[in-house]
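What follows is each chain in one-letter form.
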Amino acid sequence: MSSRIVIIGGGQAGGWAAKTLRDEGFDGEICIVAEEVWDFYERPPLSKAALLDAEPQLPRLFTQDAQQALNLRWFRPRRAEAIVRDEKVVMLDNGEKLAYDQLLLATGGRARLPGNDWRAHPQVYTLRHWDDATRLKQRLAESQRLAVVGGGWIGLEIAASARKSGVDVVLFEQQSALCQRSVNAAVSEELLALHREQGVDVRCGCGALELSDNHGRPEIHCDGQRETFDAVVVGIGVELNLELARAAGLKVDRAIVVDGQGRTSDPAIFAAGDVAQHLRYGLSVQSWAFAQNQAVATAKAMIDPTAPAYDEAAWLWSDQYHHNIQILGVPQSGSRTVVRREPRSTLFFSLGEDGQLTQLVAFNDARTVKLAKRWMASGRDLSGVPLTDPDFSLMSLR
Ligand SMILES: Cc1cc2nc3c(=O)[nH]c(=O)nc-3n(C[C@H](O)[C@H](O)[C@H](O)COP(=O)(O)OP(=O)(O)OC[C@H]3O[C@@H](n4cnc5c(N)ncnc54)[C@H](O)[C@@H]3O)c2cc1C
């Protein structure tokens, strides 16, 4: 068993890896290099409870006592600047060298911005860290009119939280539909209707936007028109923190290429969470479930090479207004989508040519998602099933 494991990144994947190593009996040293000052925390509440609760608390992964019991050696706030693979050393931003027997990269991503001028404006916000949420919440309380740039999941959640806080919202999406990369057109339409119903002024297909300043307030130029806002929140996706892996010569594709056990092209280096490429889909699945479960599987494999490989379908959820939306699987070309509407829920089933479920998007129906995970895992043929008939009980397929 290795005597020292170094984890770069003190986020969700880093936290779950550290906990799993201890749960599985690793008694060597675990070093965490974290550029944030906070204990391990999870990010989904940042666009929800952290903006809405009267006194939001850091959404810790573990209680203080539980984290203490992990007996970790923290290097924070510290940035890992480079990996010297020949020497098995991580270089820190204070010049310190940290030797490792095994290394886990769990560096996540950073919020993308359309340009540096956006970064420089004091009323342009992004949402990735706890501090971002605290700042944004404060600004929302002082705002009447907010621009959200980006109609993906995070942009939509911010729009929903802002509407719940009584703020007027204009949402700009460059593409012709909302969440276009992760769901099909029927689901995009549903999301559009939902947000328009709640009073969000949604502008899809708006093309490239420009930003200027109007006496300290941000001004957005779109289609020859200028509009002034109290604040702009940008949610146009994530730049994965892949620089360390690239500079170290690890195999990187759309994210760091790993096997089912999270091992990179260097057998002493592993990757977990947003930066680890999903084996089945060949892309970065940026979700809470992947950050936790793939990190757990990777940590197990770091101390036991016979540990089972991680192979779960992508799954993420989003809370918007009073809706819980769950997305299982990723869109696949050639799939056809059928819709099932019930009084309290709507389900979008996408089936491949072989009748297998390729994606399910469920509005307010966690039970069916649970069942669908099993259909997906077993490759069940659903082509003869009356999925759209609300009188047909899906639970009969258990
Ligand atoms: C606002 C928001 C809402 C979300 N909502 C949902 C949701 O509703 N449902 C869902 O399924 N998913 C959601 N997600 C996605 C989910 O939170 C992420 O997929 C998950 O946090 C990824 O975990 P991670 O550990 O890989 O990365 P992170 O949680 O980003 O952690 C990476 C950490 O590494 C640090 N780091 C990076 N580089 C270095 C370095 N060189 N040295 C030291 N430290 C470094 C970073 O500062 C960060 O603290 C949301 C994400 C955000 C931002």
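## Here we look at the packing of aromatic side chains
Link 1 in the chain: Tallying each qualifying case throughout the model produces eight aromatic pairs.
Link 2 in the chain: Ring geometry for Phe172 against Phe229: centres 6.2 Å apart, planes inclined by 85 degrees, an arrangement best described as edge-to-face. Taken as a pair, Phe172 in strand β11 (residues 168-173) and Phe229 in the loop between β15 (225-228) and β16 (231-234) lie far apart in primary sequence, 57 residues in all.
Link 3 in the chain: Classification of Phe229 as buried rests on a relative accessible area of 0%.
Link 4 in the chain: Pairing Trp288 with Trp317 gives two aromatic rings, centres 5.5 Å apart and planes at 80 degrees, and the pair type is edge-to-face. Placement of the pair is Trp288 in helix α9 (residues 288-303) and Trp317 in strand β19 (residues 315-320), with a sequence separation of 29 residues.
Link 5 in the chain: Here the aromatic residues Trp16, Phe40, Phe62 and Trp74 are joined through ring pairs into a cluster of three or more.

## Points about the pairing of strand β13 (residues 210-214)
Link 1 in the chain: Judged from the five bridges that link them, β13 and strand β14 (residues 217-222) form a sheet pairing that is antiparallel. Bridging from a neighbouring strand, Ser212 pairs with Glu219 of β14.
Link 2 in the chain: Between the antiparallel neighbours β13 and β14 lie two residues, among them His215 with a positive phi of about 50 degrees.

## A closer look at the site of the ligand
Link 1 in the chain: Neighbouring residues of the ligand: 36 residues in total, closest Glu35, Glu36, Arg43, Lys48 and Arg128.
Link 2 in the chain: Between the ligand and the protein, one listed contact pairs an oxygen atom with a side-chain N or O atom of Glu36 at 2.5 Å.
Link 3 in the chain: The separation between an oxygen atom of the ligand and a polar side-chain atom of Asp274 is 2.7 Å.
Link 4 in the chain: Look at the ligand: alone it shows 1000 Å² of surface, and the protein chains cover 97% of it.
Link 5 in the chain: Listed by contribution, the elements that provide at least two residues to the shell around the ligand are α1 (12-23), α6 (153-164), α9 and β19.
Link 6 in the chain: Grouping the amino acids of the shell around the ligand by side-chain chemistry returns 15 nonpolar, twelve polar and nine charged.
Link 7 in the chain: Split by domain, the residues of the shell around the ligand number at least three in each of domain 1 (4-108 + 241-303) and domain 2 (112-234).

What counts and what doesn't
Residues numbered from 1 in each chain as written. Predicted model: local features only at pLDDT ≥ 70, side-chain atom pairs only at ≥ 80, totals over all residues. Heavy atoms only, no water. Phe/Tyr/Trp six-rings, centres within 6.5 Å; stacked < 30°, edge-to-face > 60°. Helix = DSSP H or I, 4+ residues; strand = E, 2+ residues; numbered from the N terminus. Buried < 20%, exposed > 50% of the residue type's maximum accessible area, 1.4 Å probe, protein only. Pairing = 2+ DSSP bridges. Near = heavy atom within 4 Å. Polar contact = N/O pair within 3.5 Å; in protein donor to acceptor, adjacent residues only side chain to side chain. Areas by Shrake-Rupley, 256 points an atom, 1.4 Å probe, with all protein chains shown as cover. Nonpolar A, V, L, I, M, F, W, Y, C, P; charged D, E, K, R; others polar. Domains from an automatic or database assignment.

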